[in-house]
Protein chains: 2
Amino acid sequence: MTSEALARALNTNPVVVRRLMGGLREHGYVHSEKGHGGGWTLSCQLDRVTLRDIYEALDAPRLFAIGNRSEETECLVEEAVNHAMSSVLADVKAQFLACFGQITLAALHADFHQRLAARHGPTTLCK
Amino acid sequence: MTSEALARALNTNPVVVRRLMGGLREHGYVHSEKGHGGGWTLSCQLDRVTLRDIYEALDAPRLFAIGNRSEETECLVEEAVNHAMSSVLADVKAQFLACFGQITLAALHADFHQRLAARHGPTTLCK
DNA sequence: TCTCATGTAACTTCATGTGTTGCTAGAGTG
DNA sequence: CACTCTAGCAACACATGAAGTTACATGAGA
């Protein structure tokens, strides 16, 4: 499948697709081929890759919208709050990764097919 | 304490302080007084207010930097992914709130005083 | 050699949170 | 009563980072 086609399906731009897929390629989850007839192909077993793997392949983007204003501070109040916050956020992030680590692409694939069967409409990609 | 003084301690602007404190006032955690000699005063018991209470008083700002691109979609793949994501994020958010719900302001206050004692420097607010 | 694809850098746009200004209203002081 | 000091609030400006876009280079088949 080409970046062009994926971009259309995702309502975005081919370059954005390439940026994202680049991370997946580096980790061997997909393979890309240049030139005529090129594009992207899957190169992993869906039941061996989890959302956590994807998240990390995508360079583990920032998870939280909140956080410490600065790590290093002279202010003891801020220091105390930072300490509490960091500890909570670390715990929560660990739980997040654990959850994501349990969801395989195969599970999503199966879920998709269940939804597709439930719809009995025409079978085109996205829509 | 005036918004002005707080802003200086927090390295920010008095109006920003007022915006934040406004949420706390609505929930009765602080009290404000206008005019000469006015400013902010605490009006809660530190051991009865948790970070969770503060978070919610501040209108529960967005917690995650990631999330579903859109809730409603025609795309069954997106639907499957959204479903998995939402479920994980909801679980994780619940854990976050639970953690925050266990940290009282009294605990932070105690932690601050411990840090202060450990430093044996002059005792000025922040620095 | 032409076309079709990815790879990549540089730039633009957009959304969101933060900071700032200007003004109003209330409360004490001289 | 005039003055000063404070919060309250709306409107605007700025900063940051994610997403989208453009332009061009590179590689592979026809």
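Parameters at a glance
- Residue numbers run consecutively from 1 along every chain, following the written order of its sequence.
- Naming scheme: in the order in which they are written, chains are lettered from A and ligands are numbered from 1.
- Reporting of local features is limited, given that this is a predicted model, to residues whose pLDDT is at least 70; pairs of side-chain atoms are given and counted only at 80 or more, and all residues count toward the totals for whole chains, interfaces and linings.
- Side-chain metrics rest on all non-hydrogen atoms present in the structure, leaving aside hydrogens and water.
- What fixes the domain bounds is an automatic or database domain assignment.
- Whether two residues are in contact is decided by their heavy atoms, any of which lying within 4.5 Å being enough.
- Accessible area, probed at 1.4 Å, shrinks when two parts are joined; the buried area is that loss added up over both.
- Counted as a polar contact is a pair of N or O atoms within 3.5 Å, where, for protein atoms, one must be capable of donating a hydrogen and the other of accepting one, and residues adjacent in sequence contribute only when both atoms are in side chains.
- Secondary structure follows DSSP: runs of H or I at least 4 residues long count as helices, runs of E at least 2 residues long count as strands, and numbering of each begins at the N terminus.
- Gly counts as polar in this scheme, as do all residues outside two lists: the nonpolar Ala, Val, Leu, Ile, Met, Phe, Trp, Tyr, Cys and Pro, and the charged Asp, Glu, Lys and Arg.
- Pairs were defined over the aromatic rings of Phe, Tyr and Trp, the Trp ring being its six-membered one, requiring ring centres within 6.5 Å. Orientation was assigned from the angle between planes: stacked under 30 degrees, edge-to-face over 60, tilted for the rest.
- Partly exposed describes any residue whose relative accessible area lies between the buried limit of under 20% and the exposed limit of over 50%, with all areas from a 1.4 Å probe on protein chains only and scaled to the type maximum.
- Residues are labelled near a given molecule or strand when at least one of their non-hydrogen atoms is within 4 Å of it.
- In this comparison the copies share one frame, found by least squares on the C-alpha atoms of residues holding pLDDT of at least 70 in both.
- Only the contacting stretch of a helix is used when fitting its axis, a line to C-alpha atoms as for every element, and angles between N-to-C directions run 0 to 180 degrees.
- Oblique is the label for any angle not covered by the other classes, which are roughly parallel (under 35 degrees), roughly antiparallel (over 145) and roughly perpendicular (65 to 115).
- Handedness of a crossing is defined here by the sense of rotation of the near helix relative to the far one, left-handed for an anticlockwise turn of less than a right angle and right-handed for a clockwise turn.
- The salt bridge criterion pairs a side-chain nitrogen of Lys or Arg with a carboxyl oxygen of Asp or Glu, the two atoms within 4 Å.

Moving on, we come to the domain arrangement of chain A. Residue and element names in this part refer to chain A. Domain boundaries in chain A define domain 1 (1–44) and domain 2 (46–127). The C-alpha centroid of domain 2 is placed 22 Å from the C-alpha centroid of domain 1. Across the boundary between the two partners, domain 1 contributes nine residues, which contact eight residues of domain 2. Across the domain 1 to domain 2 interface the summed buried area is about 760 Å²; carbon plus sulfur atoms make up 78%. Between domain 1 and domain 2 we count zero residue pairs in polar contact (both at pLDDT 80 or more) in total. For the side of domain 1 that touches domain 2, the element with the most residues is helix 2 (residues 14–26), which contributes three residues. In the side of domain 1 that touches domain 2, the residues fall into seven nonpolar, two polar and no charged.

Before going further, it helps to examine the packing of aromatic side chains. Enumeration according to the criterion identifies five aromatic pairs over all chains in this entry. Look at A:Phe64 and B:Phe64: their rings are 6.1 Å apart centre to centre, the planes differ by 25°, and that puts the pair in the stacked class. Here the residue A:Phe64 occupies a position in the loop between helix 3 (51–57) and helix 4 (76–100), and B:Phe64 occupies one in the loop between helix 3 (51–57) and helix 4 (76–100), the pair thus bridging two chains. For B:Phe64, a relative accessible area of 9% corresponds to the buried category. The interplanar angle of 35° and the centroid separation of 4.4 Å between the aromatic rings of A:Phe96 and A:Phe100 together place this pair among those described as tilted. Of this pair, A:Phe96 and A:Phe100 both sit in helix 4, four residues apart, which is roughly one turn of that helix. A connected cluster of aromatic rings, assembled from ring pairs, spans A:Tyr55, A:Phe96 and A:Phe100.

Every one of the 22 residues lining DNA strand D counts as a neighbour, but A:Thr12, A:Arg19, A:Gly35, B:Ser3 and B:Arg25 are closest to it. Take the atoms of DNA strand D that sit within 4 Å of the protein: sugar and phosphate atoms are 57% of them. At 2.6 Å from a base nitrogen of DNA strand D is found a side-chain nitrogen or oxygen belonging to A:Arg19. Within the side chain of B:Ser32, an N or O atom sits 3.0 Å from a phosphate oxygen of DNA strand D. Listed by contribution, the elements that provide at least two residues to the surface near DNA strand D are helix 2 of chain A together with helix 2 (14–26), strand 1 (30–33) and strand 2 (39–42) of chain B. For the surface near DNA strand D, the residue count by class is four nonpolar, ten polar and eight charged.

A few words now on the relation of the copies chain B and chain A. When chain B is fitted onto chain A, the two copies agree to an RMSD of 0.1 Å after a turn of 180° and an axial shift of 0.0 Å. Here the symmetry operator amounts to a two-fold rotation axis. Most of the interface of chain B is mirrored in chain A: 97% of its interface residues are interface residues there too.

Let us now look at the packing of helix 4 of chain A against helix 4 of chain B. Look at helix 4 of chain A against helix 4 of chain B: their axes get within 10 Å of each other, and the N-to-C directions meet at 155°. Overall, the two elements helix 4 of chain A and helix 4 of chain B adopt an arrangement that is roughly antiparallel. Considering how the two elements wind past one another, helix 4 of chain A and helix 4 of chain B form a crossing that is right-handed. Taken together, the residues of helix 4 of chain B that come into contact with helix 4 of chain A (itself represented by A:Met85, A:Val88, A:Leu89, A:Asp91, A:Val92, A:Gln95, A:Phe96, A:Cys99 and A:Phe100) are B:Met85, B:Val88, B:Leu89, B:Asp91, B:Val92, B:Gln95, B:Phe96, B:Cys99 and B:Phe100. Here the residues of the contact of helix 4 of chain A with helix 4 of chain B sort into 14 nonpolar, two polar and two charged.

Residue and element names in this part refer to chain B. With respect to the element layout, Thr50 can be found in the loop between strand 2 and helix 3. Judged by its relative accessible area of 11%, Thr50 falls in the buried class. Discounting residues that sit within four places of it in the chain, Thr50 has contacts with Phe100, Gly101, Ile103 and Thr104.

Every one of the 23 residues lining DNA strand C counts as a neighbour, but A:Ser3, A:Arg18, A:Arg25, B:Arg19 and B:Gly35 are closest to it. Here the atoms of DNA strand C within 4 Å of the protein split so that 59% fall in sugar or phosphate, with bases taking the remainder. Between a phosphate oxygen of DNA strand C and a side-chain N or O atom of A:Arg18, the distance comes to 3.0 Å. Between A:Ser32 and DNA strand C, the recorded distance is 3.0 Å, taken from a side-chain N or O atom to a phosphate oxygen.

The next subject is the interface of chain B and chain A. Interfaces are frequently sized by the accessible area removed from exposure as the parts join. Listed as interface residues are 36 residues of chain B and, on the opposing side, 35 residues of chain A. Between chain B and chain A we count two salt bridges in total. Counting every contact that joins chain B to chain A gives four residue pairs in polar contact (both at pLDDT 80 or more). Going through the elements one at a time, helix 4 and helix 5 (105–119) of chain B are the ones with two or more residues in the side of chain B that touches chain A. In terms of residue count, the dominant contributor to the side of chain B that touches chain A is helix 4 of chain B (16 residues). The residue inventory of the side of chain B that touches chain A, partitioned by class, reads 24 nonpolar, three polar and nine charged.

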